[in-house]
Each structure stands twice: as structure tokens, then as C-alpha cells.
Amino acid sequence: MYQKFHLGAVDAHCLSLDLSAVDTLQQLRATLGKLFSFADPESIQFFSPEAGTLPSLEAVKSSRAPVELRASQDGPIRTPPGPRELPVVGNHYELYPDPLGNYDRLFARYGAMIKTVNMGTTIYHTNDPEISRHVLREGEFFTKTTSDPQHPLYYLGDQDALFTCDSSSPAFAISHKFVPPALSPRAMAHHAPLIRSAARDMFPVLDELQQKDLAFNVYQYMFKMGGQVIWRVVVGQDLQHFRAVNTPPALPIRLFGQYLHLMKKVSLRPRWYGKLPFGEPASLRAVHDQLWAEIDRALKECVTPGGEPLPLSDPAASLRASCVADYLCRARDEKGQGLPRPVLLANTVALLGAGFTTSASLLSWALYALVRYPGNQERLLQELVDHGADGEKEWTYDELHGMKFLDRFVKETQRLHSPSFQTARSARKDVILPGGYLIPGGSVVISCFPSVFKNPAHWDNPLRFDPDRWAAEGFAAQAARKGLYTPFAAGKRGCVGFNLALAEVKMVLAELVYRYSFEDASPEAVVYDPEFLVTRPLNFYASATRRTQWPEKSS
Ligand code: HEM
């Protein structure tokens with residue numbers, strides 16, 4: 001016996017299915033899920049115009065009218081709604097200058113999934129954890145495709161490196177084989193002294209600022225700290241960012257800045273423009289070559305002379321490397337092969353680039369949370385003292401992660417002030433997402449982390465900074481599984497540097513908070529940079545005062 005199924009108004013496509021061998025609704029859902037591309041076949045509901053919702057297989061089989069498939073009680077399958085577009089600019093003025101606030105506003109108005117068009121670029125955004133889970137899952141329906149001009153990382157497109165490559169790029173598989181072991185918890189525990197020494201480099205500068213009674217722009221200093229840490233850990237180089245109070249960022253960091261700036265400008269123009277032998281395109285090529293040459297030189301200098309090959313299969317091999325790039329240069333797979341040189345170089349650039357503005361933003365927001373949300377600085381100091389801080393203590397990786405309040409504080413900072421907000425994936429084909437949203441194949445979808453992490457339907461009192469919400473056993477793992485909290489994204493294209501990022505932020509906080517008391521010195525309301533790849537505070541100032549007294553150890 002045959003029954004007809006369709007998707008309602010969005011799709012004239014109607015399909016007849018023989019149901020004689022179908023015994024359960026679950027079986028029917030699985031079959032229809034495949035045929036109509038439902039990301040979650042379990043969500044399929046059956047509907048007829050005469051009888052309304054059809055609750056059983058018998059009801060579906062006996063429906064005289066064709067059966068409409070839905071994915072929610074809220075109504076038929078539909079494309080996501082969004083604000084009305086203006087000519088040329090689209091929804092630009094609905095989004096800027098405060099995209100984070102405006103996305104929250106638009107989700108509240110239009111629902112869990114919205115379509116926006118900004119200057120001709122169409123992007124779908126969601127604040128729903130379940131949808132986010134599906135979007136971040138690399139597989140049948142979604143993938144990362146930076147080569148799509150609509151993708152926010154299009155202008156960075158380098159198909160030889162993680163972060164900037166398509167998942168289908170040949171370099172992805174080999175990079176993903178070699179890079180994560182270089183950044184494993186074990187490797188980061190081994191490199192913890194490098195992070196610690198980078199953090200301590202800042203002490204003389206903070207002392208001098210205090211003597212001069214000066215506050216400092218937190219992001220600018222954390223930017224230098226982020227660079228200091230990542231260069232030490234990845235290529236074993238000291239950028240000497242804290243030689244003096246006003247030392248400018250080192251040459252490679254400045255080159256990175258120029259490269260990103262020129263790349264963005266050139267990529268907004270037609271393709272032929274990028275080939276011009278003068279002007280911005282020529283500068284871009286020159287900056288690219290200079291930056292790559294700088295990093296190539298750093299790579300050559302950091303390899304342990306005469307160092308033996310490091311087998312990927314040996315989890316302890318990273319302990320014999322002086323830095324991440326030393327490991328990457330010497331690592332060999334089961335066939336004795338290493339990373340091809342262009343892929344090695346491109347990935348080193350990617351690690352350095354992906355690793356400092358993100359960490360600098362998180363560190364800045366962590367200091368913001370310390371001075372803006374009362375009681376947290378004192379609790380952290382007490383925990384440091386209770387764990388043996390004395391100004392000389394050399395924190396190990398395990399000790400840092402063993403401090404519960406520090407961990408909850410960092411988690412809560414990343415929830416309320418997530419640096420990442422543009423994690424985009426492309427739909428491989430038409431797909432129906434939970435809630436009944438039909439996303440056309442080829443579309444770019446962003447899981448809007450700052451909105452997911454504050455979604456009032458899923459978080460209790462979401463705007464309150466409350467580290468204790470992470471205290472319940474298993475809460476963080478559960479939130480990650482549900483897609484509610486994924487500050488480093490998730491799935492195959494999730495962050496490979498998160499072990500370093502967390503060790504860095506915890507080490508820097510432990511070192512700084514034990515030695516200084518921080519106070520807010522911002523002259524006006526703190527704003528973030530809406531144009532930048534990560535959310536960073538632009539005008540947050542703090543002052544640091546060297547501590548002379550510490551609390552007693554708790555009994
Ligand atoms: C607080 C700090 C950090 C945050 C919030 C963060 C967040 C993220 C997110 C959300 C992604 C996914 C991006 C996307 O899919 O487009 C990502 C990817 C990545 N991150 Fe991080 N990250 C941080 C630190 C680092 C560090 C320190 C490194 C380097 C050591 C790093 C290296 C990478 C790389 C290479 C990828 C690309 C992985 C791939 O393409 O499969 N990140 N990160």
C-alpha cells in the first residue's frame with residue numbers, strides 16, 4: 001500500500017512510498033528522514049489537513065489526503081524568517097554597529113533561526129543548541145567550506161592549513177593527523193614552563209605602570225601577552241613584548257595585522273583586482289611573502305639540531321620536542337612520512353594566527369570579569385593561596401586544572417563573553433533542521449555562540465555572571481553534549497588549540513592575580529570591536545597594584 005508524503009508549501013515535491021513493509025513509526029521516520037534530508041529524523045511529525053496531527057502508523061497509513069511532514073508543533077517546514085532587506089545594504093543597519101546585541105534581538109523577534117543579508121552576503125544564524133549541534137557536526141549535511149565567498153573566513157582562504165581550509169581539502173586530513181598530537185594535554189603540560197615564563201615577563205611592565213600611576217588598555221597588553229605565549233610555545237621564540245611599557249608588537253605580529261587588513265580589503269573587490277601588479281594587491285603579496293619568510297626562518301631555528309624522528313604513534317614523543325613546531329618538523333607517521341613542507345609552514349602560520357587574538361580576547365574578558373563582577377577576584381586569590389601560591393610557585397598544568405574556582409571562572413567568562421562568534425558551516429544539500437527550518441544547499445549557517453550561550457530558554461538567569469553554575473558534577477560535559485556550551489566549537493573542525501588556550505588563560509590569571517590587585521579604570525562604557533574576527537574589548541582599562549598582603553590559607 002502506497003502513501004504520499006510532502007513538505008507543505010515550501011516544496012512541491014511529493015513522494016509516494018510503499019508502506020506495506022513498514023512496521024513502526026520509527027522505521028517510517030528513518031526512511032523519510034533520508035528521502036527528505038531531515039537532520040533529525042526522530043523529529044518528524046505527520047500532519048493531514050483533515051485530521052491534524054497523525055499520532056500513529058495506522059493513522060498515517062489510512063490518511064486519504066497526502067501526508068505533510070513537519071518537524072515541530074509550530075507549523076509547516078519553512079525557510080528561516082528575517083528582517084526586511086533594504087536595497088544594496090540588505091540588513092546591514094539591523095545588525096551594525098552592535099551585531100551581538102542585534103542577533104539576540106532578532107532571535108527574540110523571529111525565532112531560533114534567522115536569515116540575514118548583509119551587503120549581498122546571505123547567512124543563516126541560530127541561537128538554538130540543538131540546531132547548533134547538527135550544524136557543527138561535519139558529515140552528510142554540513143561541512144566547513146572557506147572557499148565559498150559567503151564564508152566569513154573566505155578572505156583568509158589558504159587550502160594548506162587548518163582553520164583556513166575546506167574540510168575536503170587534501171591538506172585537511174594530513175594536518176589533522178599531525179597537529180592535534182602536538183597540542184595534546186601531555187604536550188601542553190610539558191610546555192607549561194614556557195607559558196609561565198611568558199606570563200612573568202609582564203611583571204616589570206605592570207610594576208612600572210603602577211609606579212607611574214598609569215592604567216593600561218587591557219586588550220593591547222593581552223594582545224602582546226597572547227603573542228608572547230604563542231610564539232614561545234609554537235616556535236620557541238621570545239618576542240620580547242614586555243621589554244618596556246610601550247614596546248610595540250614585534251615584526252611578525254605587525255605583519256599579521258597588515259596581512260589580515262589587506263587580505264580583507266582585496267577580497268572584497270573583484271578577482272581581477274587581486275592580480276594588479278601595484279597598489280594594495282602588490283602590498284598584500286609583499287606582506288604575505290615577508291610574513292611567511294619570517295615564520296619559515298623561525299621554523300628552521302626551532303628544530304632541535306640532530307633531533308631524532310618522533311613517531312606519531314608514541315604519545316610521549318611530544319615530551320622530547322622543545323616546542324610545538326619542533327614536534328611538527330620531526331613527527332613521522334606509521335610509514336615514516338612527515339608533514340610536507342608547504343603544509344607544515346602553512347599550519348605553523350595558522351597556529352600562530354589562530355592562537356593569539358583569541359587568547360588575548362579571552363584574557364581581556366577574564367580581567368574584565370575579575371574587576372566588574374564583585375567577589376571573584378577575592379575568591380580566586382583565596383584559591384591560589386589555598387593551593388600553595390607564594391610568588392615563587394611554579395604552577396604545573398595539572399595544578400592549574402585542579403583549581404575548581406579558576407576553572408568555573410574561566411568557563412563562565414567564556415559563556416558570557418565568548419570571543420568566538422563566527423563559526424560558520426556550509427550546507428552540503430537542502431536540509432531540514434530541528435524546529436522545521438529548511439536550509440537550501442550551499443547556504444552558510446553560523447551557530448551564534450554568544451547567543452546560544454545566553455539563550456534564555458536554556459540558561460537560568462543567563463545575563464548573571466555566576467561561576468557556581470558550573471559546580472554541579474557533570475554539568476559542563478552535559479552542556480557541551482547538548483550544544484549549549486561549545487566555546488571552542490565542536491566536531492572535526494573544532495579548535496585544536498584549546499588545551500593551550502585554557503592552560504594559558506589559567507596560568508596568566510594565576511600569576512597575575514597572586515601578585516596584583518586589579519581595578520577597573522575604564523573612563524566610559526566598554527565596547528567591543530564589531531568588525532573583528534573575535535569579540536575583543538576596545539576601551540577597557542585597568543590598573544594593577546602590587547599586593548603586599550594575602551589572605552590566610554583556609555582551614
Ligand atoms: C580562547 C582561545 C581560543 C578560542 C576561543 C578558540 C576558538 C576556536 C573556534 C571556535 C574554532 C572553530 C573555528 C571555525 O570552525 O571556523 C577554532 C579552530 C581552531 N583553533 Fe582555536 N581557539 C582558541 C585558541 C586557539 C589556540 C591557542 C590555537 C593554537 C595553538 C588555536 C588553533 C585553532 C586551529 C588551528 C583551529 C582550526 C581547526 C580546524 O580547522 O580543524 N586556537 N578555535
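Scroll up for the structure.
Predicted, not measured: the structure shown is a model, and the values here were computed from it.

To continue, consider helix α13 (residues 341–372). Residues that lie three or four places apart on an α-helix share one face, since the helix turns once every 3.6 residues. Along its 32 residues, α13 runs 47 Å from first to last C-alpha, staying within 8% of the 46 Å computed at 1.5 Å per residue. Counting buried residues in α13 gives 26 out of 32 residues, a clear majority hidden from the surface.

A cis amide bond links Tyr-96 with the next residue in sequence, Pro-97, at an omega value of 10°. Mapping Pro-97 onto the fold places it in the loop between α3 (92–95) and α4 (99–110). Residues other than glycine seldom take positive phi values, yet Val-88 does so here, at roughly 65°. Its place among the elements puts Val-88 in the loop between β5 (67–70) and α3. In this structure, Gln-240 takes a positive phi of about 55° despite not being glycine. For Gln-240, the location among the structural elements is in the loop between α9 (218–235) and α10 (251–267).

Quick look at the pattern of salt bridges now. This model, assessed by the stated rule, comprises 30 salt bridges. Of the charged contacts, one joins Arg-341 and Asp-296 as a salt bridge, the two residues approaching to 2.7 Å between their closest N and O atoms. Of this pair, Arg-341 sits in helix α13 while Asp-296 sits in helix α11 (residues 279–302), and the two are 45 residues apart along the sequence. Taking the relative accessible area as the measure of exposure, Asp-296 reaches 18% and is therefore buried. A network of salt bridges, in which partner residues are shared, links Glu-308, Asp-314, Arg-320, Asp-326 and Arg-330.

Time to look at the sheet that holds strand β17 (residues 541–546). With respect to topology, 3 strands assemble into an open sheet ordered β9-β17-β16, the strand pairing being antiparallel. Edge strands, defined here as strands with exactly one partner in the open sheet, are β9 (216–217) and β16 (516–520). As defined by bridge partners, β9 adjoins β17 across 2 bridges and the pair is classed as antiparallel. If you follow Asn-217 over to β17, its bridge partner there is Tyr-541. Contacts between helix α19 (residues 498–515) and the sheet are confined to β16 and β17, with β16 contributing the most and set at about 90° to the helix.

Let's shift gears to the sheet that holds strand β1 (residues 2–6). Taken together, 5 strands build an open sheet; the order of strands is β2-β1-β5-β3-β4 and the sheet is mixed. The sheet is open, and its two edges are formed by β2 (14–18) and β4 (52–54), each paired on a single side. Each adjacent strand pair in this sheet contributes to an overall mean axis angle of 40°, direction not counted. Relative to β4, strand β3 (residues 45–48) runs antiparallel, the two sharing 3 bridges. In the strand pairing of β4, Ser-48 is matched with Gly-52. Packing of helix α1 (residues 25–36) onto the sheet brings it into contact with β1, β2, β3 and β5, and relative to β2 it is tilted by some 140°.

The rules we used
Residues numbered from 1 in each chain as written. Predicted model: local features only at pLDDT ≥ 70, side-chain atom pairs only at ≥ 80, totals over all residues. Heavy atoms only, no water. Helix = DSSP H or I, 4+ residues; strand = E, 2+ residues; numbered from the N terminus. Expected span 1.5 Å × (residues − 1). Buried < 20%, exposed > 50% of the residue type's maximum accessible area, 1.4 Å probe, protein only. Salt bridge = Lys/Arg side-chain N within 4 Å of Asp/Glu carboxyl O. Pairing = 2+ DSSP bridges. Contact = heavy atoms within 4.5 Å. Axes fitted to C-alpha atoms, helices over the stretch in contact; angles between N-to-C directions.

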